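Each chain is listed here by its residues.
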Amino acid sequence: MSDVGAALAAAQPRLLAYARRRLRDPEQAGDVVQEAMMRVIEQDQRQRIEQPVAYAFRVTDSVIFGQAQRARHVHEPVDVELACDLPLPDELLDYRQRFARFERALAALPPLRRTVFVKRQIDGLSRAEIAADLGLGVEAVKKHLVRAMTDLAGCVDDDGRPARRPGSLAGD
């Protein structure tokens, strides 16, 4: 047995006690110390270690830390039967807030512009049908749709906050 091996064998009870105090599951201490001692011996073969017992305590810490890191990344497989397709609560809240801002912006449109927008976007009528229904020209319907889209597009920006662009309702 090498000098390092003999020093580690003599220090094994101290290393075990040290590992038991540091681990949540003291039953793992033997495996941790064995792994640490193996690493120290392998390292000593590559480069002489002046204080192998002190180094073994540091390696023991490293092995414990490595096991904790690996345990943190191990996840149970998700049971497909338990997976839910519903949106997460924060997504639902964001949607509701955006929808409320949109409703307020829609309600703030001039009545004729709002009616034209609803008939086109909600009811799915063509521009010609809307024009005939409201007694307007097709070009007037187009103008109302463009202005409504401009006003409503400015009511909410990408991060969910009211936009402050010229011509938007949020900036008025």
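No experiment lies behind these values; they were computed from the predicted model shown.

1. A word on the overall build of the chain
Working step 1: Each helix and strand in the chain was counted, giving seven helices and zero strands.
Working step 2: Secondary structure of the chain in N-to-C order comes out as α-α-α-α-α-α-α.
Working step 3: The burial tally for the chain puts 28% of its 172 residues in the buried class.
Working step 4: Long-range pairs, those at least 24 residues apart, make up 51% of the contacts in the chain with a sequence separation of at least 6.
Working step 5: When the accessible surface of the chain is totalled, it reaches about 12300 Å², and 53% of it is carbon and sulfur.

2. Considerations on the packing of helix α5 (residues 111-122) against helix α6 (residues 127-134)
Working step 1: At a minimum axis separation of 10 Å, α5 and α6 run at an interaxial angle of 135°. Taken together, α5 and α6 sit at an angle that is classed as oblique. Here α5 runs over α6; the crossing is right-handed. Two secondary-structure elements touch here, α5 through Leu112, Thr115, Val116, Lys119 and Arg120 and α6 through Arg127, Ile130, Asp133 and Leu134.
Working step 2: Along the lines of polarity and charge, the residues of the contact of α5 with α6 split into four nonpolar, one polar and four charged.

3. A short note on the packing of aromatic side chains
Working step 1: Summed over the entire model, instances satisfying the criterion amount to three aromatic pairs.
Working step 2: Centre to centre, the rings of tyrosine 95 and phenylalanine 99 are 6.1 Å apart; their planes meet at 15°, and the pair counts as stacked. Here tyrosine 95 pairs with phenylalanine 99, and both are found in helix α4 (residues 89-108), just four residues apart, close to one helical turn.
Working step 3: In this structure phenylalanine 99 comes out as partly exposed when scored by relative accessible area, which is 38%.
Working step 4: With 6.4 Å between their ring centres and 55° between their planes, phenylalanine 102 and phenylalanine 117 make a pair best called tilted.

4. Structural notes on helix α7 (residues 138-153)
Working step 1: Compared with an ideal rise of 1.5 Å per residue, which puts 16 residues at 22 Å, α7 spans 22 Å between its outermost C-alpha atoms and is within 8% of the ideal.
Working step 2: Of the positions making up α7, those classed as buried are Val141, His144, Leu145, Ala148, Asp151 and Leu152. One side of α7 holds all its buried residues, which, seen down the axis, span an arc of 135°. Seen from the open side of α7, the exposed residues pointing more than 90 degrees away from its buried face are Glu139 and Val146.
Working step 3: Where α7 is buried, its residues touch α4, α5 and α6.

5. Here's the deal with the confidence of the model for the chain
For residues with low pLDDT, the predicted coordinates do not support detailed interpretation.
Working step 1: Scored by pLDDT, the chain has a mean of 83; 83% of the residues are at 70 or more.
Working step 2: The least confident element of the chain is helix α3 (residues 52-73), whose mean pLDDT is 85; the most confident is α6, at 95.

Calculation rules
Residues numbered from 1 in each chain as written. Predicted model: local features only at pLDDT ≥ 70, side-chain atom pairs only at ≥ 80, totals over all residues. Heavy atoms only, no water. Helix = DSSP H or I, 4+ residues; strand = E, 2+ residues; numbered from the N terminus. Buried < 20%, exposed > 50% of the residue type's maximum accessible area, 1.4 Å probe, protein only. Contact = heavy atoms within 4.5 Å. Areas by Shrake-Rupley, 256 points an atom, 1.4 Å probe, with all protein chains shown as cover. Axes fitted to C-alpha atoms, helices over the stretch in contact; angles between N-to-C directions. Parallel < 35°, antiparallel > 145°, perpendicular 65-115°, else oblique. Left-handed = near helix turned anticlockwise from the far one by under 90°. Nonpolar A, V, L, I, M, F, W, Y, C, P; charged D, E, K, R; others polar. Phe/Tyr/Trp six-rings, centres within 6.5 Å; stacked < 30°, edge-to-face > 60°. Expected span 1.5 Å × (residues − 1). Arc of directions from axis to C-beta. pLDDT = per-residue confidence, 0-100.

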